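# Breakdown of the fold
What follows is the residue order along each chain.
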Amino acid sequence: MRVEATVPRSRGQLALGPESMDKCPILVLSKPVKPQTAAAKSLSLRQYVVSTRVLQLEVHGMSSSTSAPPSSTHQTFYGEALPTWTYAHRELLDLEYPHFFLKTWQFIGHTSELPNPGDFITLDLLRDSVVVMRGSDGELRAFLNICRHRATRLLEGRGHCKGLVQCPYHGWTYHNDGRLAGIPSPKNFPGVRRSDLGLIEVEFDVYRDLIFVRVAGDGPGVSERLAQVDPWIKAYRPENYVLLSAPSTEIWNANWKLAWDNYLENYHIPVGHPGLHRLVVEGNEGTYLSGGGSVGFFEMNPRLSSVAHERRYQELISCTDHRYPDTIRRKWLQMDFESNMGIEFSPSLFSVFQLLPLSVDRTAVRSSLYSPHDLDADEEELQAILHL
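Worth saying up front: this structure is predicted, and the values here are computed from it rather than measured.

This part covers the packing of helix α10 (residues 308-316) against helix α11 (residues 377-386). Two elements in contact, α10 and α11, have axes separated by 10 Å at closest approach and are oriented at 145°. For the pair α10 and α11, the sense of crossing is left-handed. Along its contact with α10, which presents H309, R312, Y313 and L316, the element α11 presents D378, E381, L382, I385 and L386. Class assignment of the residues belonging to the contact of α10 with α11 gives a composition of 5 nonpolar, 1 polar and 3 charged.

Right, here's the structure in full:
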């Protein structure tokens, strides 16, 4: 089986301790015997994890600390696919969850979505929820989206809190900087100090106005993780983007890894996305991110499409040239990041494709679209064509 060398890798997979995690940071290319008994399951899962290797780093002579500049080399390697049982194993999902989702950076939104004190955005993970909110002091903060009393969920979706954040269960209230404001019937809680029971803070990072959160773990920030490709991303000027439409979520009846497998390969594009296939061709530029992931480009197909609206897109694409230097002009940057996110920049459009497991066989697919705030008429038509 031919496998493109774009296998995702996040820092530290599956709970085996720091030493083991350094040796086996990705779930790929291993084929243990399918577990039978409960004891065998536990042993086999650990053997499975321990036996996996970061083949993309070994093949390319890279290490997790590589800081080489973007490369135009595109290489492939051969290997085995994941065993089928890994796509339907509940215990394996329990092991994957903390290390693929809680210990990695997850995209939540753009700073332009939170202009005023009290504005908030939430992100739901499998068993956890995070909220990012702007405080009255103008600062952004991230918290677990739960009350400190009985862990009741506090906020839904996105919106604005005019005053205090109130728990819908027992009415505990919090300031927009996370401090506990009030406890109903405080006599029932003798000795409790409000200063000890503020919302639980979560690590967050703002990279070029893009907000990422990390519930657990440590290690490099987003800027460091993307340092190799920052010159490309900088050229798209994501700081100037605004939300184009409310993020959408689809539910796919599939294991999250199956959905991710689909994103990582372009082999299905001619059949699955024929319009895209007629519009673009794969470029030769690309690189691998230190710590895992890869970046590549699509370029506009010089051959005009026979489909009217696609041909119109090709004819209009030059209207975006004023925004970008020659290095990225009329190109689509595609990046897989942190084992569950596809981040893409195209002329006048930025999108995030994010896979969040709901169960072993159900996945929430979260899509967020952003656009420069100052589009002219031709650029607006260009975007409209993409939404046909």
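To continue, consider α10. Of the positions making up α10, those classed as buried are E310, Y313, Q314 and L316. Buried residues in α10 make contact with α9 (274-279), β15 (294-300), β16 (331-337) and α11.

What the rule picks out here adds up to 0 disulfides. C167 provides the cysteine sulfur closest to C147, a residue in no disulfide bond, and the two sulfurs are 3.9 Å apart.

Evaluation of the coordinates by the stated rule reveals 19 aromatic pairs. Aromatic side chains Y97 and F101 sit 6.5 Å apart centroid to centroid with 25° between the ring planes, which places their arrangement in the stacked category. With Y97 and F101 both in helix α4 (residues 90-102) and 4 residues apart, this pair spans about one turn of that helix. Judged by centre distance (5.5 Å) and plane angle (35°), the rings of F350 and Y370 are tilted. With F350 in strand β18 (residues 349-359) and Y370 in strand β19 (residues 362-372), this residue pair connects regions lying 20 residues apart in the sequence. Both residues of the pair, F350 and Y370, count as buried. Chaining the aromatic ring pairs together yields one cluster made of F107, F212, Y236, Y241, Y324, F337, F345, F350 and Y370. One Lys or Arg, K257, reaches over the ring of Y87 and ends 5.5 Å from the middle of that ring. Positioned above the aromatic ring of F297 is the side chain of K331, whose terminal nitrogen or guanidinium carbon lies 5.7 Å from the ring centre.

About the criteria used
Residues numbered from 1 in each chain as written. Predicted model: local features only at pLDDT ≥ 70, side-chain atom pairs only at ≥ 80, totals over all residues. Heavy atoms only, no water. Axes fitted to C-alpha atoms, helices over the stretch in contact; angles between N-to-C directions. Helix = DSSP H or I, 4+ residues; strand = E, 2+ residues; numbered from the N terminus. Left-handed = near helix turned anticlockwise from the far one by under 90°. Contact = heavy atoms within 4.5 Å. Nonpolar A, V, L, I, M, F, W, Y, C, P; charged D, E, K, R; others polar. Buried < 20%, exposed > 50% of the residue type's maximum accessible area, 1.4 Å probe, protein only. Disulfide = S-S within 2.5 Å. Phe/Tyr/Trp six-rings, centres within 6.5 Å; stacked < 30°, edge-to-face > 60°. Lys NZ or Arg CZ within 6 Å of the ring centre and 35° of its normal.

Limitation: the analysis is restricted to geometry and does not speak to function.
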